[in-house]
Each structure stands twice: as C-alpha cells, then as structure tokens.
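Next come the chains, spelled out residue by residue.
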Amino acid sequence: MSQFVGQTRLAYTRPWHHVDLSVTPRPFGRLATAIAITLMGKHKPIYDPSTDCGDYVVVTNCSQLYATGKKMQQKKYYSHTTRPGSLKEMTMEKVMAKWGGGEVLRRAVRGMLPKNRLRDDRMARLKCFEGERHPYKQNLLQLDLRDSIAQAPEVQAAFRHPATPP
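An unreviewed UniProt entry annotates the protein as Large ribosomal subunit protein uL13m originating from Baudoinia panamericana. According to the UniProt record, the Subcellular location (unreviewed entry) comment for the protein is "Mitochondrion". The record in UniProt for the protein states the following under Sequence similarities (unreviewed entry): "Belongs to the universal ribosomal protein uL13 family."

Below, the structure written as structure tokens:
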C-alpha cells in the first residue's frame, strides 16, 4: 500500500476502456474473459475481492461478435418463468438475431463474474453497442484492452528503433 494519498487515489480511479469488435480478432469467450477481469479490477495493484475497484468497459460493433466452431448453432441459452412447463431454449444464433451480440456478450461476462453482491454493480459498468456510435466518447481514456504492455504502440516503436548508447 502506498504511503501517499495522492498516489493511492490514482489507483482507485475508474478509467473507461474501449473495445471495438471490428478491430479485435479474438473470439467472444476470450474477449469476455478480458472484460470480466477489467470489470473486477484484477489488473490493478489494489485489487481486493470484497472491494469494487474495476473500470468501465465500452464495447462497440457487437453485431460483429463471432464464435469458433459450431457454437452459433449448438450453444443454447435457457430461461424459465418458474411456471411448470415454461422452460424455453434459444440458440446463440436466435439470441443474436433477437437481442443482438451485446446480449450474448453480457451473458458470457455475467457468467464469468463472481456470484456475489457486487456482480450487478460490475455489470452496470459494461456498456454494449451494436454499431460504432456511443455516447461515452468523452469518457474514454484508454483505447483498447491489450493482452500485455508489449502490444502498446510506444513499446513496439521503441523496439523497432533501439536507442543508441552514448
């Protein structure tokens, strides 16, 4: 823990991350995992399971969400109204046609978050949009989720042009 309040406050801020599915080549399961980690705040040094310290995530172009294999036809989503005989099932293809790719992504991320009192608050910070437009452009500080810092353009540029020793 930091000794200075000013340095600790920066760790508790909630930056907005933007994920554009037209650019991201990952299947939706791997993407949902990265989003769930960001919503929980596990990427921060101050992570605590009982504290909600995650960030906001804005996902655009959810209509371009894709799954590997035959998941679109074979994966089923179930709903039940607690009345006898009211179990309904839909394939991923039908869910995407009816509610869009954002709902499929939301359900995947919701299943990956811990089942506790913080899950609804964390899910409220996930914003999914079918197209490119969204009302949170002024809030975005970080442009995308990266697997590692090595993928940052600044780091790649530094490795392309190594500094010469004096």
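Student: Sorry if this is basic, but what is going on with the packing of helix H4 (residues 92-99) against helix H5 (residues 101-112) here?
Tutor: Working note: a packed helix pair is described by the angle between its axes plus the distance between those axes. Where H4 contacts H5, the two axes come as close as 6 Å, and the packing angle between them is 120°. Put simply, H4 runs oblique to H5. On the side of H4, the interface is formed by Met92, Val95, Met96 and Trp99, while H5 contributes Gly101, Glu103, Val104 and Arg107. Taken together, the residues of the contact of H4 with H5 break down into five nonpolar, one polar and two charged.

Student: Would you mind going over the nonpolar core with me for this structure?
Tutor: A general feature of soluble globular proteins is that nonpolar side chains tend to end up buried together. Membership of the largest hydrophobic core comes to 26 residues, with the highest contact counts inside it found for Ile35, Val59, Val104, Leu105, Val109 and Leu126. Those elements giving two or more residues to this core turn out to be helix H2 (28-40), strand S2 (56-60), H4, H5 and strand S5 (126-128). In terms of residue count, H2 provides more of this core than any other element does, seven residues in total.

Student: Would you explain the environment of glutamine 64 in this entry?
Tutor: Mapped onto the elements of the fold, glutamine 64 is located in the loop between S2 and helix H3 (71-74). Glutamine 64 gets classed as partly exposed once you look at its relative accessible area, which sits at 42%. Sequence spacing of glutamine 64 and glycine 102 is 38 residues, and the spatial spacing of their C-alpha atoms is 9.8 Å. Filtering out sequence-adjacent residues up to four positions away, glutamine 64 remains in contact with Leu21 and Ser22.

Student: Quick question: what am I supposed to make of the pattern of salt bridges here?
Tutor: Two side chains of opposite charge can pair, provided their charged atoms sit close to one another. Evaluation of the coordinates by the stated rule reveals seven salt bridges. A salt bridge links glutamate 89 to lysine 76; its shortest N-O distance comes to 3.8 Å. Separated by 13 residues along the polypeptide, glutamate 89 in strand S4 (residues 88-91) and lysine 76 in strand S3 (residues 76-79) bring together distant segments of the chain. Residue classification places glutamate 89 among the partly exposed residues on the basis of a relative accessible area of 47%. The closest approach of N and O atoms between glutamate 103 and arginine 106, which form a salt bridge, is 3.1 Å. One end of the pair is glutamate 103 and the other is arginine 106, both in helix H5 and three residues apart, which spans about a single turn. Assessed through its relative accessible area of 28%, arginine 106 is described here as partly exposed. Overlapping salt bridges bring together Asp52, Arg122 and Arg125 as one network.

Student: In this structure, what is going on with the packing of aromatic side chains? I would like to understand it.
Tutor: Each pair of aromatic rings is reported with the distance of its centres and the angle of its planes. Scanning the model with the defined rule gives three aromatic pairs in all. Taken together, a centroid distance of 4.2 Å and an interplanar angle of 5° make the contact between tryptophan 16 and tyrosine 56 stacked. Of this pair, tryptophan 16 sits in strand S1 (residues 16-20) while tyrosine 56 sits in strand S2, placing them 40 residues apart in sequence. Judged by its relative accessible area of 12%, tryptophan 16 falls in the buried class.

Calculation rules
- For every chain, the first residue of the written sequence is number 1, and numbering continues from 1 along that sequence.
- For this predicted model, a pLDDT threshold of at least 70 governs which residues receive local features, and a threshold of 80 or more governs which side-chain atom pairs are given and counted, while totals over whole chains, interfaces and linings are taken from all residues.
- The side-chain quantities take in all heavy atoms of the structure and omit both hydrogens and water.
- UniProt positions are given in the numbering used here, feature names are shortened, and annotations may be inferred rather than shown by experiment.
- Working convention: axes come from line fits to C-alpha atoms, limited for helices to the stretch in contact. Angles between N-to-C directions cover 0 to 180 degrees.
- Helix numbering and strand numbering both begin at the N terminus, where a helix is a DSSP run of H or I of at least 4 residues and a strand a DSSP run of E of at least 2.
- Oblique is the label for any angle not under 35 degrees, not over 145, and not in the 65 to 115 range, which are roughly parallel, roughly antiparallel and roughly perpendicular in turn.
- Note on contacts: a residue pair qualifies if any of its non-hydrogen atoms lie within 4.5 Å across the two residues.
- All amino acids are sorted into three groups, where Ala, Val, Leu, Ile, Met, Phe, Trp, Tyr, Cys and Pro are nonpolar, Asp, Glu, Lys and Arg are charged, and the leftover types, Gly among them, are polar.
- Residues belong to one nonpolar core when they are buried, are Ala, Val, Leu, Ile, Met, Phe, Trp, Tyr or Cys, and are joined through side-chain atoms within 4.5 Å.
- Here's how the labels work: a residue is buried when its accessible area is under 20% of the maximum for its type, exposed when over 50%, partly exposed in between, all with a 1.4 Å probe on protein chains only.
- Take a side-chain nitrogen of Lys or Arg and a carboxyl oxygen of Asp or Glu: if they are within 4 Å of each other, that pair is a salt bridge.
- Paired rings are identified among Phe, Tyr and Trp, the last through its six-membered ring, by centres lying within 6.5 Å, and are further divided according to the angle between planes into stacked (under 30 degrees), edge-to-face (over 60) and tilted (the rest).

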